[in-house]
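Fold and geometry: a report
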Amino acid sequence: MDDRELRVGIVGVGLMGADHADRIARRLANARLVAVSDPDTDRAQAVAGQYKGVRAIGDVFDLVADDEVDAVVIASPGSVHEEQVLACLEAGKHTLCEKPLTTDSASSLRLVRAERDRGKSLVQLGFMRRFDPEYVRLKELLSSGRLGRTLVVHNIHRNKSVPDSFRSEMIVRDSLVHEVDVARFVFGEEIEEITVLSPAPSGHSPEGVVDPQIAIFRMTGGGIVTNEVFVRSQVGYEVRCEVVCERGTVIAGRPSGDLYSTADGSWGGAIPEDFRARFARAYDLELQSWVDASRRGEVVGPSTWDGYAATAVCEAGLTSLATGAPVRVDLADTNHA
Ligand code: ISE
């Protein structure tokens with residue numbers, strides 16, 4: 001790509017897609033929003049209508065093939081990602097695909113291989129935590145070696161509320177998946193075993209839904225990661241990562257320097273309502289870095305392999321959710337580079 005701005009089309013303009021539309025149209029450098037598509041055509045028209053010169057295109061695949069679209073953001077549900085990512089690969093267009101890559105490991109692996117067979121990396125996965133300034137500094141501190149080896153990680157992931165349709169499986173696939181990526185990012189290793197435990201559910205959980213959940217990962221190097229995911233906390237969006245090393249600990253996402261309780265929804269400062277507020281900066285940095293890399297014809301950040309590995313861990317997590325027993329994660333091959 002030359003030094004023109006990157007003309008971006010967005011597939012799926014629900015909560016996240018609409019947020020990205022605004023980011024691309026108003027905040028990013030060297031990028032221009034040119035088209036959006038959504039099965040809900042009224043919604044697509046409404047989003048397009050907010051910005052000058054943006055077209056609503058009825059068929060997703062027409063958007064992908066459109067000559068005016070240089071690159072694509074996929075923010076549709078994971079169940080339709082495989083065919084959409086494949087279309088982007090076939091069109092040779094740089095793509096930012098929101099998580100999860102797909103909803104099962106077989107289809108995720110097909111995408112890893114389809115991209116590899118075409119001989120050119122085009123896809124970045126939407127694991128935005130890797131761009132959050134605190135997670136970035138945490139990783140840098142660990143990499144500096146000052147704290148010694150990483151031993152244990154504790155992740156907390158709480159959403160204020162979700163619709164009743166957000167069942168136990170979605171807690172694993174759509175929420176825990178972020179902690180899967182954080183664990184792999186922090187340790188720089190794969191997850192070899194996952195156990196998902198089911199505490200007594202909150203009274204706010206619909207019948208039959210396990211919320212909160214506790215997931216435990218064993219890393220290939222022997223480290224352990226504990227994760228609490230609670231998507232109906234009633235309070236706000238709380239995401240923290242505490243890393244325990246041989247010579248100290250480091251925490252990302254800590255809101256105060258004192259003992260605090262969120263019982264009344266505050267600790268002396270505001271708790272963000274949702275991920276769009278908490279990770280706004282991370283999303284800006286993530287998409288800017290995607291735009292810059294795409295203009296150079298490169299891919300930076302999490303890859304289809306990262307998407308595949310996360311899907312495979314979540315798939316094993318769903319098996320564990322059903323029994324409470326540890327489940328081994330067997331990745332297809334390690335020779336993916
Ligand atoms: C949502 O899809 C996200 O990706 C958010 O980051 C996560 O916190 C939330 O639990 C998911 O539903």
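Whatever comes next refers back to the structure up there.
Residues numbered from 1 in each chain as written. Predicted model: local features only at pLDDT ≥ 70, side-chain atom pairs only at ≥ 80, totals over all residues. Heavy atoms only, no water.

**Comments concerning the side chain of Asp 211**
Turning to its location among the elements, Asp 211 is positioned in the loop between strand E8 (191–197) and strand E9 (213–219). For Asp 211, the side chain forms a polar contact with the side chain of Arg 232, separated by 2.9 Å. (Helix = DSSP H or I, 4+ residues; strand = E, 2+ residues; numbered from the N terminus. Polar contact = N/O pair within 3.5 Å; in protein donor to acceptor, adjacent residues only side chain to side chain.)

**Digging into the pairing of strand E5 (residues 94–97)**
Here E5 shows a buried face lined by His 94 and Leu 96 and a second buried face lined by Thr 95 and Cys 97. Examined bridge by bridge, strand E4 (residues 71–74) and E5 share four bridges and lie parallel to one another. Its bridge partner being in E5, Ala 71 is matched across the sheet by His 94. Following the chain from E4 across helix H4 (residues 81–91) to the adjacent parallel E5, one finds a crossover that is right-handed. By the bridge criterion, three bridges tie E5 to strand E6 (residues 123–125) in an arrangement that is parallel. Bridge pairing in E6 places Leu 96 opposite Gln 124. Crossover E5 to E6 through helix H5 (residues 105–117) is right-handed. (Buried < 20%, exposed > 50% of the residue type's maximum accessible area, 1.4 Å probe, protein only. Pairing = 2+ DSSP bridges. Right-handed = clockwise from strand over helix to strand, strands pointing away.)

**Describing the sheet that holds strand E10 (residues 224–230)**
One open sheet holds the seven strands; their spatial order is E12-E11-E7-E10-E9-E8-E13, and the pairing between them is mixed. At either end of the open sheet lies a strand with only one pairing partner, and these are strand E12 (248–252) and strand E13 (327–328). Relative to E10, E9 runs antiparallel, the two being bridged by six bridges. Each residue of the ladder has a partner; that of Phe 217, found in E10, is Val 225. Contacts from helix H6 (residues 133–144) reach strand E7 (150–158), strand E11 (238–245) and E12 within the one sheet, and its direction differs from that of E12 by about 160°. Running over the sheet, helix H10 (residues 304–323) touches E8, E9 and E13 and is turned about 35° from E8. (Contact = heavy atoms within 4.5 Å. Axes fitted to C-alpha atoms, helices over the stretch in contact; angles between N-to-C directions.)

**A few points about helix H2 (residues 41–48)**
Of the residues making up H2, those classed as buried are Ala 44, Val 47 and Ala 48. Axial view of H2: buried residues confined to an arc of 95°, hence all on one face. Set apart from the buried face of H2 by more than 90 degrees, the exposed residues are Asp 42 and Gln 45. Structurally, H2 contributes buried residues whose contacts are with helix H1 (15–27), strand E2 (31–37) and strand E3 (55–56). (Arc of directions from axis to C-beta.)

**Side note on the site of the ligand**
Inspection of the region around the ligand gives Lys 99, Met 128, His 157, Asn 159, Phe 166, Asp 174, Ser 175, His 178, Tyr 237 and Phe 275 as its neighbouring residues. Within the side chain of Lys 99, an N or O atom sits 2.8 Å from an oxygen atom of the ligand. Here an oxygen atom of the ligand sits 2.7 Å away from a polar atom, N or O, in the side chain of Tyr 237. The element contributing the most residues to the shell around the ligand is helix H7 (residues 168–187), with three residues. (Near = heavy atom within 4 Å.)

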